[in-house]
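Here is what each chain is made of, one letter per residue.
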Amino acid sequence: MKLPIKKRYFDQIKNGTKTIEYRDAHLTLICEETGETMRVDIAHVRLIPRMHLPEEIRGSSMFEDDMILQIQLKPVGEATA
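Only a predicted model underlies this, so the values are computations on that prediction, with no experimental measurement involved.

Enquirer: So what's going on with the overall build of the chain? Residues and values would help.
Expert: A tally of regular secondary structure across the chain gives 2 helices and 3 strands. For the chain, the succession of helices and strands along the chain, N to C, is α-β-β-α-β. Taken over C-alpha atoms, the radius of gyration comes to 16 Å for the chain, far larger than the 12 Å a tight globule of 81 residues would show. By principal-axis analysis of the C-alpha atoms, the chain measures approximately 35 × 35 × 30 Å.

Laid out in structure tokens, this is it:
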């Protein structure tokens, strides 16, 4: 995952003085084939070990890390507060 960040905050994270990062609770997904974009709101996030992924994706090259973000999305079109 690549996220842009201002140099000031990048440096704070690098030197250990900033340990929490805040981001908007949505993802903008871009279809690789068509370039179509879709904004989806995030309902919940948790960190899980790779070994808890569904078997069909656990051994794929899709992920680099041993810990994976599991992002639960709100249904498209659901109203947000």
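Enquirer: Could you give an account of the sheet that holds strand β1 (residues 26-30), with specific residues and numbers?
Expert: Adjacent strands of a sheet pair through backbone hydrogen bonds, lying either parallel or antiparallel. Here 3 strands make up an open sheet; going across it, the order is β1-β2-β3 and the pairing antiparallel. Both outer strands of the open sheet, β1 and β3 (67-73), are each paired with one neighbouring strand and no more. Across the sheet, the mean angle from the axis of one strand to that of its neighbour is 55°, orientation sign disregarded. In terms of strand pairing, strand β2 (residues 37-49) meets β3 through 7 bridges, oriented antiparallel. Its bridge partner lying in β3, I42 is registered against L73.

Enquirer: Now, about the pattern of salt bridges: what can you tell me, with residues and values included?
Expert: According to the stated counting rule, one finds 3 salt bridges in the structure shown. The salt bridge involving K7 is made with D11; its shortest N-O contact spans 2.5 Å. Taken together, the residues K7 and D11, both in helix α1 (residues 7-14) and 4 residues apart, mark about one turn of the helix. Of the residues examined, K7 reaches a relative accessible area of 60% and is grouped as exposed.

Enquirer: Any details on the layout of surface pockets? Residues and values, ideally.
Expert: Of the voids in this model, the largest pocket is the one considered here, and its volume is about 540 Å³. Lining the largest pocket we find M1, L27, L29, M62, F63, E64, D65, M67, I68, L69, I71 and L73. Looking at the lining of the largest pocket, the elements that each hand over two or more residues are β1 and β3. Looking at the lining of the largest pocket, the element that brings in the most residues is β3, giving 5 residues. Here the residues of the lining of the largest pocket sort into 10 nonpolar, no polar and 2 charged. Taken as a whole, the second largest pocket encloses approximately 390 Å³ of empty space. What lines the second largest pocket is a set of 15 residues, among which M1, L3, R23, D24 and L27 lie closest to the centre. Counting residues per element, the ones that place at least two in the lining of the second largest pocket are β1, β2 and β3. Top element by residues in the lining of the second largest pocket is β1. It accounts for 4 residues. When the residues that make up the lining of the second largest pocket are grouped by side-chain class, the tally is 9 nonpolar, 2 polar and 4 charged.

The rules we used
- Residues numbered from 1 in each chain as written.
- Predicted model: local features only at pLDDT ≥ 70, side-chain atom pairs only at ≥ 80, totals over all residues.
- Heavy atoms only, no water.
- Helix = DSSP H or I, 4+ residues; strand = E, 2+ residues; numbered from the N terminus.
- Rg over C-alpha atoms; globule rule 2.2 N^0.38 Å.
- Pairing = 2+ DSSP bridges.
- Axes fitted to C-alpha atoms, helices over the stretch in contact; angles between N-to-C directions.
- Salt bridge = Lys/Arg side-chain N within 4 Å of Asp/Glu carboxyl O.
- Buried < 20%, exposed > 50% of the residue type's maximum accessible area, 1.4 Å probe, protein only.
- 1 Å grid on protein atoms, 1.4 Å probe; cavity = no way out; pocket = protein on both sides within 12 Å on 5 of 7 lines; lining within 4 Å.
- Points joined across faces, edges and corners; volume = space filled by probe spheres on them.
- Nonpolar A, V, L, I, M, F, W, Y, C, P; charged D, E, K, R; others polar.

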